[in-house]
Amino acid sequence: MAFQTAITPGIPDSLFIRGKVPMTKQEIRVISLCRLHLSKDSVLYDIGSGTGSLAIEAASLSASLKVIAIESEAQALALIKENLKHFSIPQDSVQVIEALAPDGFESLPPPTHAFIGGTRGRLKEILQALYKKNPETRVVITAVTIESIAKIQEVLKEFSVKNLEISQVSLSRAEECGSYHILKAQNPVFITSFDFVPAGSPADSAPGAEK
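In this report, we go over the structure that sits alongside the text.

### Describing the pairing of strand E2 (residues 66–71)
Sheet faces and side chains relate simply in a regular strand, where the side chains alternate between the two faces.
Step number 1: Most of E2 sits inside the fold, with five of its six residues counted as buried.
Step number 2: The parallel pair strand E1 (residues 43–47) and E2, bridged by helix H2 (residues 53–61), forms a crossover whose chirality is right-handed.
Step number 3: Relative to strand E3 (residues 94–98), E2 is paired through five bridges, and the arrangement is parallel. Bridge pairing in E3 links isoleucine 70 to isoleucine 97.
Step number 4: In this fold, E2 hands off to helix H3 (residues 74–86), which returns the chain to E3; that crossover is right-handed.

Structure, rendered in structure tokens:
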């Protein structure tokens, strides 16, 4: 069943083919997409794409978006392709790359935006590669562990960025319990967003720039 096109993001999680691959949940996808500030002609890298949920959600917003899903796990790659067919996403809307980021970036068009859902411990290398491709890339990173958010903050000290925002999102969902409903807490998620600042630009030395 294809998801009927909506003018707002928020495809229900239950509509995705899941398997055992981690997936960015509906509410986190919506917030992340808002933080990305996409435009109709954006080129979005979805790094560590998993089931492809964010790539598909983004591609559903505009046919003129170019989305590139980058994933290294065979099971996840299979799920991305299944979900693209499931949601009737045109092949020219989402390009699937089998690679462990930042491997595979060389042949890709420069990104205007990047969503990082998984790094396999290569966050610094990924950010360096993104900066090299486009030193003004808009980046959103999600993390579920304290260690991951600490690593993000540590690595970002090596880059000039602006518009830095870090949020922690806690979510509970109602589930049936007999004739009642109880709230079941989901894992808290950290969402970090920022814009790279090109070296030597006026913004690089501006008071709001983080280094």
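So that's the structure; there's more coming.
### Section: the nonpolar core
Step number 1: Grouped together as the largest cluster of nonpolar side chains are 29 residues, with contacts concentrated most on Tyr45, Ile47, Ile70, Phe105, Ile116, Leu127 and Leu130.
Step number 2: The element contributing the most residues to this core is helix H4 (residues 123–133), with five residues.
Step number 3: Those residues in contact with phenylalanine 105 that lie beyond four places of it in its chain are Tyr45, Ile47, Ile70, Ile126, Ala129, Leu130 and Lys133.
Step number 4: Within the second largest apolar cluster, 26 residues are counted, among which are Leu36, Ile56, Val94 and Ile191.

### Things to note about the pairing of strand E7 (residues 172–177)
Step number 1: Examined bridge by bridge, E7 and strand E8 (residues 180–185) share six bridges and lie antiparallel to one another. Residue serine 172 lies in a different strand from E8, and its bridge partner there is alanine 185.
Step number 2: Counted between consecutive antiparallel strands, the loop separating E7 from E8 contains two residues, among which glycine 178 sits at a positive phi close to 65°.

### Digging into H3
Step number 1: In a regular helix each residue adds 1.5 Å, so 13 residues correspond to 18 Å; H3 covers 18 Å between its end C-alpha atoms and thus fits that length.
Step number 2: Residues of H3 that are buried include every one of Ala76, Leu77, Leu79, Ile80, Asn83 and Leu84, and no others. Viewed along the axis of H3, the buried residues span an arc of 160°, placing them on a single side of the element. What points out from H3, more than 90 degrees from its buried face, is the exposed set Ala74 and Lys85.
Step number 3: Where H3 is buried, its residues touch H2, E2 and E3.
Step number 4: Trailing H3 by a residue or two, serine 88 shows a phi angle of about 55°, which is positive.

### A closer look at the layout of surface pockets
Step number 1: In this structure, the largest pocket spans a volume of roughly 1000 Å³.
Step number 2: Looking at the largest pocket, it is lined by 46 residues, and the ones nearest its centre are Pro22, Gly117, Gly118, Thr142 and Val144.

About the criteria used
- Residues numbered from 1 in each chain as written.
- Predicted model: local features only at pLDDT ≥ 70, side-chain atom pairs only at ≥ 80, totals over all residues.
- Heavy atoms only, no water.
- Buried < 20%, exposed > 50% of the residue type's maximum accessible area, 1.4 Å probe, protein only.
- Helix = DSSP H or I, 4+ residues; strand = E, 2+ residues; numbered from the N terminus.
- Right-handed = clockwise from strand over helix to strand, strands pointing away.
- Pairing = 2+ DSSP bridges.
- Core = buried A, V, L, I, M, F, W, Y, C linked by side-chain atoms within 4.5 Å.
- Contact = heavy atoms within 4.5 Å.
- Expected span 1.5 Å × (residues − 1).
- Arc of directions from axis to C-beta.
- 1 Å grid on protein atoms, 1.4 Å probe; cavity = no way out; pocket = protein on both sides within 12 Å on 5 of 7 lines; lining within 4 Å.
- Points joined across faces, edges and corners; volume = space filled by probe spheres on them.

Any functional reading would require information that these geometric values do not contain.
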